Amino acid sequence: MKTPPIPQIILHEDPHILICHKPPGLPVQSKKINAPDLESSLLTYLISKGEPPYLAVIHRLDQPVEGILVFAKNKAAAKDLNAQVQNGSMEKYYLAAVSGIPTKKESRLENELIKDAKTNTSRVTKQKTPQSKKAILEYRVLKEAEDCSLLEIHLLTGRHHQIRVQMAYAGHPLLGDTKYNPQAGKEKEWQYIALCAYKLSFTHPKTKKKMEFQVKPSGNFPIV
């Protein structure tokens, strides 16, 4: 897909941080030669303004997923923001459209996840193992349709494909998720997943002020 001009996706920028709304389909980083990615595009943008080509990736979103990301523009900001991620003070909220209607309208999911690097997937294991990592999220149902639901998800840990895996394991896979939702089909390498990192809050690494940003999902979102 065509990437919007960088200034259009920037929500906030100052000498220390840059916050943007990542479009669906654009990887945060890419190992493929000549393949566009968000990090490279933002670095090119900074260089075009005469700024140092430094940008630290603080957290990531899967390629098909859209939403808010914060980047650090210097090492001090990166250290502070990474500490907030580690201690859980950076709050991440998502909107997710899932198959079916959960019986519990609010719930907390805790699972042990194991990542398979060969298939780029993760799975739930019922027993804790040396390779597994604890994954925790909370959700509440915002809206119900005939055969799907809109959830707000508060992500409490940041594991590989966490929301996608935990919701699928709970019996409510995300719409459009070809890796974890059998009904989504396998006809494309990736397609739009109904998951949006729509709200992010943290403490500014320099001013120490509370920062909060919120976006609306793109027009592809199936239920809002």
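Going by the structure above, here's the rest.
If you're wondering where the values come from, they're calculated on a predicted model, not measured in any experiment. (Residues numbered from 1 in each chain as written. Predicted model: local features only at pLDDT ≥ 70, side-chain atom pairs only at ≥ 80, totals over all residues. Heavy atoms only, no water.)

Participant: For this particular structure, what's the right way to read helix H4 (residues 162–169)?
Facilitator: Residues three or four positions apart in an α-helix share a direction because the helix packs 3.6 residues into each turn. H4 sits mainly inside the fold: six of its eight residues count as buried. Gln162, Ile163, Arg164, Val165, Gln166 and Met167 are the residues of H4 that are buried. Of the surrounding secondary structure, the elements contacted by the buried residues of H4 are strand E5 (91–99), strand E6 (106–116), strand E7 (121–125), strand E8 (133–144), strand E9 (148–155) and strand E10 (195–203). Taken from the residues just after H4, Gly171 is the one with a positive phi, measuring 95°. (Buried < 20%, exposed > 50% of the residue type's maximum accessible area, 1.4 Å probe, protein only. Helix = DSSP H or I, 4+ residues; strand = E, 2+ residues; numbered from the N terminus. Contact = heavy atoms within 4.5 Å.)

Participant: What is the right way to look at the pairing of E10 in this model?
Facilitator: Along a regular strand, successive side chains alternate from one face of the sheet to the other. The buried fraction of E10 is high, at eight of nine residues. Relative to E10, strand E4 (residues 66–72) runs parallel, the two sharing two bridges. Bridged to Glu66 within E10 is Cys196. For E5 and E10, the ladder comprises five bridges, and the chain directions are antiparallel. When the bridges of E10 are listed, Tyr93 appears paired with Lys199. Hairpin geometry of E10 and strand E11 (residues 210–214) is characterised by an intervening segment of six residues between the two adjacent antiparallel strands and by a positive phi of about 65° at Lys208. (Pairing = 2+ DSSP bridges.)

Participant: Honestly, the side chain of Glu66 in this entry has me stumped. Any pointers?
Facilitator: Inspection of the secondary structure assignment puts Glu66 in strand E4. Of the side chains bearing the opposite charge, Lys22 lies closest to the buried Glu66, which forms no salt bridge; the N-O distance is 8.6 Å. At 2.9 Å, the side chain of Glu66 and the side chain of His21 are in polar contact. The residues contacting Glu66, other than those within four sequence positions of it, are His21, Lys22, Pro23, Pro24, Leu61, Tyr192, Leu195, Cys196, Ala197, Lys216, Pro217 and Ser218. (Lys, Arg positive; Asp, Glu negative; His and termini not counted. Salt bridge = Lys/Arg side-chain N within 4 Å of Asp/Glu carboxyl O. Polar contact = N/O pair within 3.5 Å; in protein donor to acceptor, adjacent residues only side chain to side chain.)

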